[in-house]
Amino acid sequence: MSSETSKPGVKRREFLKVVGAGSATATMIGCSSERVEKLIPYFVSPDQTVPGVSTYYASTCRECASACGIIAETRDGRTIKLEGNPDHPVNRGALCAKGQAALQGLYNPDRYRTPMVRRGGKLEKTTWDDALKIFGDKLAEARRNPGGVAFINRHQSGGFPQLLNSWLAGMGMAPALSIDPDADTTAIAANLQTFGVAWPRYDFASTRLIISFGADFLDGWGASVPQQLDFADARARGANAPRFIYVGARRSLTGLNADDWIPAKPGSELAIVQMLSGASTPQQAAQASGVDVARLTALQTEFAAAKPALVLAAGGGPNGMELCLAANALNGTSGAVSIADAYRGFEGIDPVSHIRALGQRMQGGGVSMLMVHNVDPVYLMPKSSGFRAAMAKVPFKVSFSSIMDETSEMADLILPDNHSLESWGEAQAVTNTLSLQQPTMDPVFDTRAIADVLLAVSRTTGTPIATMPDYRSLMISRFPGGAAGLAAALPKGISSGSVQQPAGSKALPQPVAAANAGNGDFTLLVYPSPALGMGEGANKPWLQELPDPVTKIAWQTVAEIHPATARKLGVENGDHVIVETAAGKLSLPVYTYQGIREDVVAVAAGRGHADSAGRYAKAGSNAFDLLTYAEDRSGSIMLGSTRARVTKDGGHSRLVTTEGSARQHGRGIAQAVVVGQLGGTHEASGSEHAAEAAPQGSVSGEQKERALGEKAAAGEHGGEEGHPEFPGDASHEFLPGLRSPTAKDAQGDLGGPGTKSKEKGMYDPEHWSGMARRRWAMTIDLARCTGCSACVTACYAENNIPTVGADWQGPKVLPDRTGFGANITRSREMSWIRLERYFEGGEDGGADFETRFVPMLCQHCGNAPCEPVCPVYATYHAPDGLNVQVYNRCVGTRYCSNNCPYKVRYFNWFGYGEPARAQYAFPEPLNWQLNPDVTVRGKGVMEKCTFCVQRIREAENRAALEHRGVEPDEFTVACAEACPSRAITFGDAADERWTVAKLVNDERAYHVFEELNTYTAVVYLKKVNHPGAMTTSPVAAPEVH
Amino acid sequence: MATMARPSRVKDEPRRPNIASADIQLPAVRDYEQVDREISATLHPTVAWFIGLGVAILFLIIGAAAWMYQIYTGLGVAGYNPPVMWGVYIITFVFWVGIGHAGTLISAILYLFRAGFRTTIYRCAEAMTVFAVMTAGLFPILHLGRPWKFFWLIPYPNWRYIWPQFKSPLVWDVFAILTYLTVSSTFLYIGLIPDIATLRDREKNPVRRRIFGVLSLGWRNSDREWRHFARAYLFLAAFSTPLVLSVHSVVSFDFAMALTPGWHTTIFPPYFVAGAIFSGIGMVFTIIIPLRKWFGLKHYVTINHLDAAAKLCLFTSLVVGCAYMTEWFVAWFSGNEFEKNFFANRIWGQWWWASAILYTCNMVLPLTLFKQSWRRNPTWLFILSFFINLGMWFERFVIVVPSLSHEFEPWQWAGYSPTWVDFAILAGSFGWFSMWFLLFIKQLPVIAISEVKEIVPPKLRQTHDHGIDSAGRHLEFEPSTPGEAD
Amino acid sequence: MIKQRKWFAIPGFLTLAAAAAILSAYAGASSSQGNSPAQPVPFPHPMHVQTLKMNCVYCHFSANKSPDPGLPAMSTCMGCHTVVGTSKPGVQKLASFASKNQPVPWVRIHKVPEYVHFPHMRHVNAGVSCQTCHGNVQNMAQVSQQNSLNMGWCVNCHVGRSNPPFKARYDCATCHY
């Protein structure tokens, strides 16, 4: 991060307009020197920005309530990348996939570009003056009956809700509903009741045992980024790490990270919690939950033994409130819940029952004017709640939505809000810490910040709520030290202080129990998709294309059922089944998943929006259509209580999945070690001993001494001299550490002492450029990796990777390969880094299986199979250890990919980067996000992970400008920077001062397919397993052949 | 030139004709004049020929259109399904290169071995070689992501200090194919010179006469020309013989040099060469059997010749079958899990049907040729040749697709299904090949006039209504050739 | 015999010529070298550089600290030209743009393809003069592209064949990524 400046440049917008087709849309199609191009200068040169050099603005992510700090990289007036803010107390430099994808909300082609007003039944563009006048008049009318006005606001902490409510109060209207579809309002209500805070910080590291009752704290349940950081830190503590048991009907991403899974009947979690609290016996719990007694007894004893233990529970079930309260009660005694540094952003969220009640009022005609801001209740409220019909009854509906959705489609007036990256604000991150939000660029379209609109309107309607012209000056006026203080604080992105949140506890409407839970021998489980949440992400191609961490499905909605259930129904993957509930029925393709109970069918929420919600959002089908509307005691909607019938349907559609085989077939790609084996020796990946010795967590002495012998042979570095004599020998035990600290091996004798310097060229370690003295390398710690896939989206953002799943991008050459994800059904996804999810054990479909996530990317082999086969030198080995792909030299023989054992090379089957084409992946203005430092690949060339070579070059350039060398850990690659579990480390392995140089010699280090002699630069650290008394699944590495 | 064996009386049944000596006999050909007349008679276009040519060109147009569509839209319109990055195009490339080999084998190697039965079929086979290589040469370009940059594979001086990667088998391919095309077309042309001269002398049309004149390089049938011709022909035969082995070995390196399971084997070069010759002979049957029927050349391409070629076919089939079994054995014997797993998948996995076609067509069906009556039955040979072509195409399919779809990384295992674009271009390649061949057979003699003359008795002063053997003894005129049913 | 040779000599030569033409066209020999378009406002470099002794970096302000050399903002021009040379037609044209708050749409001359990354500051700080690549702009009444800017031309320096020889990387990924 070179410079962090606070003040957004002047008139960058004009610059953008004219230079929109400039270097950022750089594509390698031909040599464009013939085309007449215009060079448009700034009118007034913006201070503090240098053309071609990035400026970094600290701001706040508003994609969820956690209020993570972000740093927006801005180049020539465009925000091109978001990173986590390292100084921020919440996310400490990490950023999840949703946060990364905020950029595609900013540049979304389906945003409203001007205010819209409904004339003659359809929405028309209009001017702000016109729109504001209409709004003012309507408000004036509405004020005669202020009771008939309702405002639904997207929940956000900070000063805005206060402003909004005082604005409403000024006109005698009721305070706004503050809705966050992703927040677990049941848990929040319980937390407020137990701890007095909405969302405490869970201190995973201090615990010995974590038990989660459906609480998916890694995939969107609460503050998932900091929770993931804490969890990964805790689990990386080797022998001191807590064991993790997941209880629930479906094994979510969080569940897959658990050591054990107890598949309890949906809604029966409470019984088990009561057992733990001693209120009931294992027998009773087993009775209720359908889990065998032995397992529950083991759980009880382990829980009793483990001090402190942390019990987490999520709402959504029929008795969610009771469950959460009971779980909190169990924690009350342990010190594992930290109230002091609670996440304050979750305060003041209203449960969905308020919207339902409002719907009933609208149905009765009691509402004359409805205002909605960035919430999509028409999509969120299940059909069975009848909200859409009720809303149609409202005479005048105003939407402040910045992007098309089902609700704004019904609106009479649309006053598009700025995106959060275009507007001012602040968020309450943690106690007494404000996370500041500033515009990172001028508005892309003709939109206005809602706060400024309210202020303006309040003046015209004669009820001024503040003297300030806009929200920024309001912030300054509130800020200690005024403008100067704010300017000083902005670069850090945080400041001390807090903003009074309006009390979220409005009178809770009487909850409605399930009118008709329906019947049928299945329970329908609707869960928020880890990537798309409750649907806000559906219009962002990055998130649609991101394979679900668990099912690996993209662009598609599937019905997840257990393989045994599928056999009973006589269906296989992709065959359609009809899921029918009292609320409705859907015909969905089947995905068989053994991490789910046999009597449960699970459907991910978030997809299947109406056509009006934009070109990407309509992929898949809408799970809410199946939900019978019901609320628990906290007023939150029940997601897991609907009964469903599942019957076979005729059709079949190919699953849009990136999954090939979910089993490793003993190939040792994802290796693991039992915690007991850590220290002293590393487990023998190749030998049967390990497989037997593993579960006991002990290592046979003979094995130990062999390992030690190897170590001795290996010498300190575990480098060349220690390399096995017969690398292909399957019985050989490989050694940790990077095989080739420099590129020597790849270049044969070129680097060796034998050859003359002029023959060595830049491969000469003595060459002035010193390139051959470097070895860019990476370690990936599988004990930390949770499979959340944030790295994937970060890579898309950094490297201009096209999304290929939109229905107009597919190859229309086979009838069954069209529609959304058509390219992906042909495995043509382009993600340079992918999360491979391998199951170990449980081949019988049982619950006892282990999951290993492996981020797989170009291994930058020191001895790369792809290099010698390329006929035109388009891929070759750079002296600094990079396996380089020269796009403009590539002719597209694809031989390199055939010869790549890791299959990490991706081919441009279509002109994804060419605006003229149907398959264009960056429709205006998505292309504004393209990274100018990275070539947009053209049709017919191969591409792959470059180790972010553009960042390496930038660091080198910066160092050269400052007349110094590149400092250790001075920069890192996009995936490592984003990773919310800090699993990825990048650096120069040939320089001992870099962190990676130490990590490659870790006792858990191994290379994938080392027996192929590829000398990879990516070193994996084995996963660490914590088997329990009941764990039967294989916990050591599979046999490597 | 070649010494003639004693003619065997076909009439006396008890004595089976000794194929080895009888195969070079053309009892039904009486004199040179008849040879000139009958063979040059085949050059007159017929309606059927025009129809055939039209169909061929239609297929070519379809293929060309599909290719243009693919170039414009991108390779995605073809059936590629990563990790299967090579598909129908590479399969068809290897297929056509293979076809070529039989031609050179028959015309060059068998010439050196003095195998007389080649005399009447080698011209067809040689032409087939040239056109097959012309067809094969298209595919490496056709399957490129950016075909307009194909010339980067050719080493040419440039001021960017960039050369091709000479370690890459694909560059070796470029050299192999170009060499093969040059040598085989030269060989074909040299062999044609005396025949073109013959045509020139018989030609009435002044323009064609002029063209033939140029092409015959002013051949005057002098002893000196014949002496030099024989030398040059012998030399070229010797020169192209190693190519039969080298070219397809190089092609096999495209696979053998990769570490993909199923590709990374040392037996590929001999295995590919045998397969190539096998497929080539299959194609020779496909072409020559209809030709001899339509052109009424049964008494030139006698059943004995077919019989001998069938033996060669049988032999190569056995070699290929042996190679298949060696592959299985090595996969099992190596103890390499990747290999074992791969071969299990090849035979019992998702591609079992492809393997089944391959093994049936290439190993099982040719065994029928052990029986002489089948060998001497042109109808059966014709049908069998189709199975052989099919089987050899699927051999390449089984080598390319299952290997790639089932590699080291289980997460990336996938399937493959070609699209209409693949098939259109495949059909186009047959159209392209057929077009050239059809044009050839109506412009130039499909049977080497000069060489046939070498094995018919010297011409006497006046023509007789019956044949005369080398010793000048009178033979009964035999309208049909011995041993043939129809 | 002699007469007949031309029969295949002529087409032979034709094909050779065609092949050579195609190859040279493909081989990257194409370039916009010599391109000298008329600019919307005639900017006299000689006047500013030679007569007024202005440094290149005065207007191209980021050439020594960024990959992008930087174009002078309109405010930079008008800083002087609100008072200086207001009588000149060119300056009046400039002023008319400025009065309409429009930037001048300069026509781009020097351009490398988008798959080439050319960091100006590395070259400038290495002592490569602007003229090495851009020619003697200070003498050009109307700027024209003096060098081909083709890869071969770049590499020539990078491999140390220039005079004086520069030390520069010639690894592909130095510029292509």
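Numbering of residues begins from 1 in every chain and follows the order in which that chain's sequence is written. The lettering of chains begins at A and the numbering of ligands begins at 1, in the order of writing. Local features are withheld for residues below a pLDDT of 70 in this predicted model, meaning they are given only at 70 or higher, and side-chain atom pairs are given and counted only at 80 or more; totals for whole chains, interfaces and linings count all residues. Side-chain measures were taken over the full set of non-hydrogen atoms in the model, leaving aside hydrogen atoms and water.

Considering the overall build of chain B
Defined as follows: We count a stretch as a helix when DSSP gives it H or I for four or more residues in a row; a strand needs E for two or more, and each element gets its number in order from the N terminus. The Shrake-Rupley method, run with a 1.4 Å probe, gives the accessible areas here. Residue values count only the displayed protein chains as cover.
Tallying secondary structure elements over chain B gives 16 helices and zero strands in all. As presented, chain B carries roughly 19600 Å² of accessible surface, and 70% of it is formed by carbon and sulfur atoms.

Details of helix α11 (residues 293-305) of chain A
All names here are of chain A. Rules: By definition here, a helix of n residues has an expected span of 1.5 Å times n minus one. Only protein chains enter the area calculation, which uses a 1.4 Å probe; residues under 20% of their type maximum are buried, those over 50% are exposed, and those in between are partly exposed. Summarising the geometry, the arc corresponds to the directions from the helix axis toward the C-beta atoms.
Over its 13 residues, α11 extends 18 Å from the first C-alpha to the last, a length consistent with the 18 Å expected when each residue adds 1.5 Å. Turning to α11, its buried residues number three or more, namely Arg 295, Leu 296, Ala 298, Leu 299 and Phe 303. Along the long axis of α11, the arc covered by the buried residues comes to 155°, so they all point the same way. Opposite the packed face of α11, turned more than 90 degrees from it, sit the exposed residues Thr 301 and Ala 305.

Observations regarding the interface of chain C and chain A
Put simply, the test is: Any two residues whose heavy atoms approach within 4.5 Å at even a single point are treated as in contact. Simply put, the buried area is the total loss of 1.4 Å probe accessible area from both parts when two parts are fitted together. When a carboxyl oxygen of Asp or Glu is within 4 Å of a side-chain nitrogen of Lys or Arg, the pair counts as a salt bridge. Polar contact is defined as a pair of N or O atoms within 3.5 Å, subject to the rule that within protein one atom must be able to donate a hydrogen and the other to accept it, and that residues adjacent in sequence are counted only when both atoms are side-chain atoms. At least two bridges found by DSSP between two strands are what make those strands a pair.
Tallying the contact residues gives 43 residues for chain C and 46 residues for chain A. When residues of chain C are sorted by the area they lose upon contact with chain A, Glu114(C), Arg169(C) and Tyr177(C) head the list and together hold 19% of the total. On the surface where chain C and chain A come into contact, there are one salt bridge. In this structure, the connection of chain C to chain A is made through ten residue pairs in polar contact (both at pLDDT 80 or more). Counting residues per element, the ones that place at least two in the side of chain C that touches chain A are α4 (74-81), β1 (106-107) and α6 (120-125) of chain C. In terms of residue count, the dominant contributor to the side of chain C that touches chain A is α6(C) (three residues). Sheet topology note: the strand β1 (residues 38-39) of chain A/β1(C) ladder contains two bridges and is antiparallel.

A closer look at the nonpolar core
For clarity, the threshold we go by: Here the nonpolar core consists of buried residues drawn from Ala, Val, Leu, Ile, Met, Phe, Trp, Tyr and Cys, with membership extended through side-chain atoms lying within 4.5 Å.
Met778(A), Phe947(A), Tyr1020(A), Tyr89(B), Phe255(B) and Phe437(B) are the most contacted members of the largest nonpolar core, which has 339 residues in total. For this core, the element with the most residues is helix α4 (residues 88-112) of chain B, which contributes 17 residues. Non-local contacts of Met778(A), meaning those with residues more than four positions away in its chain, are made with Leu857(A), Phe947(A), Val973(A), Cys975(A), Ile984(A), Thr985(A), Phe986(A), Val996(A), Ala1017(A), Val1018(A) and Val1019(A). Counting 46 residues, the second largest nonpolar core, distinct from the first, contains Val579(A), Val601(A), Val603(A) and Leu639(A).

Thoughts on the pattern of salt bridges
All names here are of chain A. If you walk through the whole model with that rule in mind, you get 67 salt bridges over all chains. A salt bridge links Glu 598 to Lys 568; the nearest nitrogen and oxygen atoms lie 3.4 Å apart. Here Lys 568 lies in helix α21 (residues 563-569) and Glu 598 lies in the loop between β24 (585-592) and β25 (600-605), a separation of 30 residues in the sequence. Residue Lys 568 is classed as exposed on the basis of its relative accessible area, which comes to 65%. Through salt bridges with shared partners, one network takes in Lys 81, Glu 83, Glu 798, Arg 951 and Glu 977.

Thoughts on the sheet that holds β24(A)
Pairing between the strands of a sheet is mediated by backbone hydrogen bonds and can be parallel or antiparallel. The test is simple: An axis is simply a line fitted to the C-alpha atoms; with a helix, the fit covers only the stretch in contact. Between two such axes, the angle follows the N-to-C directions and lies from 0 to 180 degrees.
Read around the closed barrel, six strands run β21-β25-β22-β24-β23-β26 (chain A), paired in mixed fashion. On average, each strand axis in the sheet is tilted by 45° relative to the strand beside it, whichever way the strands run.

A short note on the sheet that holds strand β20 (residues 494-496) of chain A
Residues and elements named next belong to chain A. Strands sit in the order β18-β19-β20 across an open sheet of three strands; the sheet is antiparallel. Every interior strand has two partners, whereas the edge strands, β18 (425-430) and β20, have only one. Within the sheet, the average angular offset between the axes of one strand and its neighbour, ignoring direction, is 35°. Looking at chain direction, strand β19 (residues 433-437) and β20 are connected through three bridges and run antiparallel. Directly across from Leu 434, in β20, lies its bridge partner Ser 495.

Focus on unusual backbone geometry
Residues other than glycine predominantly adopt negative phi, and peptide bonds predominantly adopt the trans conformation. Residue and element names in this part refer to chain A. A cis geometry characterises the amide bond from Lys 307 onward to Pro 308, with omega recorded as -10°. A cis amide bond links Glu 924 to the next residue, Pro 925, at an omega of 0°. Of note, Pro 925 is situated in the loop between β33 (905-907) and β34 (942-944). Positive phi is not limited to glycine here, since Asp 76 has a value of about 50°.

Some details on the interface of chain A and chain B
Between chain A and chain B, the contact holds 65 residues from the first and 58 residues from the second. Each partner contributes to the roughly 5000 Å² buried at the junction of chain A and chain B, and carbon and sulfur atoms together form 56% of this total. Of all residues in chain A, Arg667(A), Tyr895(A) and Asn898(A) give up the largest surface area on contact with chain B, accounting jointly for 14% of the area buried on that side. Where chain A touches chain B, the interface holds two salt bridges.

Considerations on the packing of aromatic side chains
Our working definition: Stacked, tilted and edge-to-face are the three classes assigned to paired rings of Phe, Tyr and Trp, where Trp is represented by its six-membered ring and a pair needs centres within 6.5 Å; plane angles under 30 degrees give stacked, over 60 edge-to-face, the rest tilted.
In total, this model carries 85 aromatic pairs over all chains according to the counting rule given. On the basis of an interplanar angle of 65° and a centroid distance of 6.3 Å, the ring pair of Tyr107(A) and Trp928(A) is categorised as edge-to-face. Here the residue Tyr107(A) occupies a position in the loop between α3 (102-106) and β5 (116-119), and Trp928(A) occupies one in the loop between β33 and β34, the gap between them amounting to 821 residues. Looking at Tyr107(A), the relative accessible area reads 0%, which means it is buried. A residue is classified by how much of its surface remains accessible, and Trp928(A), at 7% relative accessible area, is buried. With a centroid separation of 6.0 Å and 35° between ring planes, the pair formed by Tyr1006(A) and Tyr1020(A) is classed as tilted. In this pair, Tyr1006(A) is assigned in strand β36 (residues 1005-1006) and Tyr1020(A) in strand β37 (residues 1018-1021), connecting sequence segments 14 residues apart. For the residue pair Tyr1006(A) and Tyr1020(A), the accessibility class agrees, reading buried in each case. Here the aromatic cluster, defined as three or more aromatic residues joined through ring pairs, consists of Tyr895(A), Trp86(B), Phe255(B), Trp263(B), Phe268(B), Tyr271(B), Phe272(B), Tyr324(B), Trp328(B) and Tyr359(B).

Let's talk about helix α10 (residues 303-334) of chain B
The terminal C-alpha atoms of α10(B), which comprises 32 residues, lie 46 Å apart, in line with the 46 Å expected from a rise of 1.5 Å per residue. Just downstream of α10(B), Gly335(B) is the residue with a positive phi angle, here 70°.

With respect to a nonpolar patch on the surface
This is how the line gets drawn: Patch membership needs two things, relative accessible area over 30% and no salt bridge, and members are linked within 9 Å if like-charged or within 5 Å if nonpolar (Val, Leu, Ile, Met, Phe, Trp, Tyr).
A surface patch of nonpolar side chains, about 550 Å² in accessible area, is lined by Val47(B), Ile51(B), Val55(B), Leu58(B), Phe59(B) and Ile62(B). With respect to the element layout, Ile62(B) can be found in helix α3 (residues 47-73).

Considerations on the confidence of the model for chain B
Residue and element names in this part refer to chain B. Condition: As a per-residue quantity, pLDDT reports the predictor's confidence and falls between 0 and 100.
Taken over all residues, the pLDDT of chain B has a mean of 85, while the share at 70 or more is 89%. By mean pLDDT, the top-scoring element of chain B is α3 (95), and the lowest-scoring one is helix α1 (residues 19-22) (41). Segment residues 1-10: pLDDT under 50, and 16 contacts once partners within four positions in sequence are set aside and those in other chains are kept. For residues 12-23, every residue scores under 50 in pLDDT, and the model assigns this stretch 15 contacts once sequence neighbours within four places are set aside. Interface confidence in the predicted complex, given as ipTM, is 0.88; pTM for the same model is 0.89.

What to know about the pairing of β24(A)
Each regular strand displays side chains that alternate between the two surfaces of the sheet. Residues and elements named next belong to chain A. Inspection of the sheet shows strand β22 (residues 559-561) paired to β24 by three bridges, in the parallel sense. Bridging across to β24, Ile 561 finds its partner in Thr 592. Direction of pairing for strand β23 (residues 575-580) relative to β24: antiparallel, over a ladder of five bridges. When the sheet's bridge partners are listed, Glu 580 is paired in β24 with Lys 585. Hairpin connection from β23 to β24: four residues lie between these consecutive antiparallel strands.

Points about the packing of helix α5 (residues 118-142) of chain B against helix α6 (residues 169-202) of chain B
All names here are of chain B. Rules: Oblique is the label for any angle not under 35 degrees, not over 145, and not in the 65 to 115 range, which are roughly parallel, roughly antiparallel and roughly perpendicular in turn. Note on convention: near helix rotated counterclockwise from far helix by under a right angle means a left-handed crossing. Clockwise means right-handed.
Running from N to C, α5 and α6 cross one another at 150°; their axes reach a closest spacing of 9 Å. One element, α5, and the other, α6, form an angle in the roughly antiparallel class. Every pair of crossing elements has a handedness; the one defined by α5 and α6 is left-handed. Note on element contacts: α6 touches α5 through Ile 177, Tyr 180, Leu 181, Ser 184, Ser 185, Phe 187, Leu 188, Gly 191, Leu 192 and Asp 195, opposite Tyr 122, Arg 123, Glu 126, Ala 127, Thr 129, Val 130, Val 133, Met 134 and Gly 137.

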